[in-house]
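Listed below are the residues making up each chain.
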Amino acid sequence: MAHRNNPTQLQDTLLATVPRYMEKAIGGVSVLVATSLGAFGLFIFFAPIVRGKANLLGLWVLLPVSAVLFYFFASVGYRLLRSRPNAVGSIASPTVWLTCFVFFGVLTLAFIAVAIAKQDFASAQGAALSALLALLSYGAASHFRRRK
């Protein structure tokens, strides 16, 4: 078992710096995603005006999710395009990474429940992917919490 103070090859690979053009490309894509989410949020906000007094509860439920994702992608895009990491050297705080860990953990459990209920292998693949994202989010959270 590796000692905690000695970085492993996987940690070195995951935390390696990337070329500036790659940061700009990912930042640009993040800004495009944020723009799309912002347009979707505006659509949700103005849909009742266009449609009249229709029951659009499903769209109203998506508005806060869209707003949170908009903020995340806009801040990530800004930090990557301007090359301005936060105080711990990340594009997100350790709390945001822990929130991602919880979200993907819950998503993993939901995929597992669907896979068992429907006996569907595709849902099990979704569980594996979301579990991997949960693990990576937890790793980022613990790494940047130690740097704090």
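**Structural notes on the packing of aromatic side chains**
Phase 1: The tally for this structure, following the rule as stated, stands at 3 aromatic pairs.
Phase 2: Measuring from centroid to centroid gives 5.2 Å for Phe101 and Tyr138, while their planes differ by 50°, and the two rings are tilted. Of this pair, Phe101 sits in helix 4 (residues 94-118) while Tyr138 sits in helix 5 (residues 121-147), and the two are 37 residues apart along the sequence.
Phase 3: Judged by its relative accessible area of 32%, Phe101 falls in the partly exposed class.
Phase 4: By relative accessible area, Tyr138 is classed as partly exposed at 43%.
Phase 5: Between Phe103 and Phe104 the ring centres are 5.3 Å apart and the planes differ by 70°, which places this aromatic pair in the edge-to-face class.
Phase 6: The exposure class of Phe104 is buried, given its relative accessible area of 19%.

**Things to note about helix 4**
Phase 1: When the terminal C-alpha atoms of helix 4 are compared, their 36 Å separation across 25 residues agrees well with the 36 Å that a helix rising 1.5 Å per residue should span.
Phase 2: Looking only at helix 4, the buried set comprises Pro94, Trp97, Cys100, Phe104, Thr108 and Ala115.
Phase 3: Next to the buried residues of helix 4 lie helix 5.
Phase 4: One or two residues past the end of helix 4 sits Gln119, with phi positive at roughly 50°.

**Topic: a nonpolar patch on the surface**
Phase 1: A grouping of Leu10, Leu14, Leu15, Leu129, Leu132, Leu133, Leu135 and Leu136 is seen on the molecular surface, where their side chains present a nonpolar patch of about 760 Å² in accessible area.
Phase 2: The biggest single contributor to the nonpolar patch is helix 5, with 5 residues.
Phase 3: Take Leu136: it is sitting in helix 5.

**Things to note about unusual backbone geometry**
Phase 1: Despite not being glycine, Ser83 shows a phi value in the positive range, around 55°.
Phase 2: Summarising the element assignment, Ser83 is placed in the loop between helix 3 (57-82) and helix 4.

**Notes on the pattern of salt bridges**
Phase 1: Within the structure shown, the criterion is met by 1 salt bridge.
Phase 2: Glu23 is paired through a salt bridge with Arg20; the nearest N and O atoms lie 2.9 Å apart. In this pair, Glu23 and Arg20 both sit in helix 2 (residues 20-51), 3 residues apart, roughly one turn of the helix.

**Remarks on the side chain of Ser30**
Phase 1: Along the polypeptide, Ser30 turns up in helix 2.
Phase 2: The contact partners of Ser30, leaving out residues within four places of it in the chain, are Phe73, Val76 and Gly77.

**Brief notes about the nonpolar core**
Phase 1: Grouped together as the largest cluster of nonpolar side chains are 6 residues: Val88, Ala92, Trp97, Ala140, Ala141 and Phe144.
Phase 2: No other element matches helix 5, which puts 3 residues into this core.
Phase 3: Leaving out residues up to four positions away in the same chain, Phe144 has contacts with Val88, Gly89, Ser90, Pro94 and Trp97.

**So, the side chain of Ser66**
Phase 1: Structurally, the position occupied by Ser66 is in helix 3.
Phase 2: At 3.1 Å, the side chain of Ser66 forms a polar contact with the backbone oxygen of Leu37.
Phase 3: With residues near it in sequence (within four places) discarded, Ser66 still touches Leu37, Phe40 and Gly41.

**What about the environment of Met22?**
Phase 1: Relative to the helices and strands, Met22 is located in helix 2.
Phase 2: Accessibility expressed as a relative area gives 35% for Met22, which makes it partly exposed.
Phase 3: Taking C-alpha positions, Met22 is 9.9 Å from Leu81, a pair spaced 59 residues apart along the chain.

Thresholds, definitions, all that
- Residues numbered from 1 in each chain as written.
- Predicted model: local features only at pLDDT ≥ 70, side-chain atom pairs only at ≥ 80, totals over all residues.
- Heavy atoms only, no water.
- Phe/Tyr/Trp six-rings, centres within 6.5 Å; stacked < 30°, edge-to-face > 60°.
- Helix = DSSP H or I, 4+ residues; strand = E, 2+ residues; numbered from the N terminus.
- Buried < 20%, exposed > 50% of the residue type's maximum accessible area, 1.4 Å probe, protein only.
- Expected span 1.5 Å × (residues − 1).
- Contact = heavy atoms within 4.5 Å.
- Patch = residues over 30% accessible without salt bridge, like charges linked within 9 Å, V, L, I, M, F, W, Y side chains within 5 Å.
- Areas by Shrake-Rupley, 256 points an atom, 1.4 Å probe, with all protein chains shown as cover.
- Salt bridge = Lys/Arg side-chain N within 4 Å of Asp/Glu carboxyl O.
- Core = buried A, V, L, I, M, F, W, Y, C linked by side-chain atoms within 4.5 Å.
- Polar contact = N/O pair within 3.5 Å; in protein donor to acceptor, adjacent residues only side chain to side chain.

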